[in-house]
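Below are the chains, spelled out letter by letter.
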Amino acid sequence: MLVRIVKLTFKTENISSFEQIFEETKKHIRSFEGCNFLELYQENDNPKVFFTYSYWENTEALEKYRNSDFFKSVWSKTKILFDAKPEAWSVIKKATLS
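First things first, this report covers the structure right here in the doc. (Residues numbered from 1 in each chain as written. Predicted model: local features only at pLDDT ≥ 70, side-chain atom pairs only at ≥ 80, totals over all residues. Heavy atoms only, no water.)

All told, the structure shown has 5 salt bridges when counted by the stated rule. K26 serves as the salt-bridge partner of E23, at 2.9 Å between the closest nitrogen and oxygen. Taken together, the residues span about one helical turn, with E23 and K26 both in helix α1 (residues 15-30) at a distance of 3 residues. Look at K26 and you get partly exposed, because its relative accessible area is 26%. For E33, the salt bridge is made with K64, and the minimal N-O distance between the two is 3.5 Å. Linking E33 in the loop between α1 and β2 (35-42) with K64 in helix α2 (residues 59-66), this pair joins segments that are 31 residues apart in sequence. (Salt bridge = Lys/Arg side-chain N within 4 Å of Asp/Glu carboxyl O. Helix = DSSP H or I, 4+ residues; strand = E, 2+ residues; numbered from the N terminus. Buried < 20%, exposed > 50% of the residue type's maximum accessible area, 1.4 Å probe, protein only.)

Here is the structure:
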């Protein structure tokens, strides 16, 4: 399983716009073929910073999503809201404890 972690930093005045975009698109993202899990986090001490965590069947599924017209449309609306360059990591999930 591939885990995609993306750090997004928004201008303070754009936080609500991002939250609205995420609310409108989250179900479509989660239902995209190959996506098994999606969460959004907001940093406790810096509310401008968000993280998305998504689980993908493999790199190919993530790349198919990233190259989709849907992603390109959402990203074009989101990237204009940033206060800093986004950071992203693709990692392999090794263990889960509950």
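Here we take up the side chain of R4. The residue R4 is located in strand β1 (residues 2-9) in this model. Among the polar contacts listed, one links the side chain of R4 to the side chain of S90, at a separation of 2.7 Å. Those residues within four positions of R4 in sequence are excluded, and the remaining contacts are T52, Y53, S54, W56, L62, R66, A88, W89 and S90. (Polar contact = N/O pair within 3.5 Å; in protein donor to acceptor, adjacent residues only side chain to side chain. Contact = heavy atoms within 4.5 Å.)

A word on the sheet that holds β2. Reading across from one edge, β2-β3-β1-β4 is the order of the 4 strands in this open sheet, with antiparallel pairing throughout. Pairing within the sheet leaves two strands with one partner each, and these edge strands are β2 and β4 (87-92). Adjacent strand axes in the sheet meet at a mean angle of 15° when their direction is disregarded. As paired strands, β1 and strand β3 (residues 49-56) are joined by 8 bridges and run antiparallel to one another. Its bridge partner being in β3, T9 is matched across the sheet by V49. Its contacts with the sheet put α1 on β1, β2 and β3, and the angle it makes with β2 is roughly 165°. (Pairing = 2+ DSSP bridges. Axes fitted to C-alpha atoms, helices over the stretch in contact; angles between N-to-C directions.)

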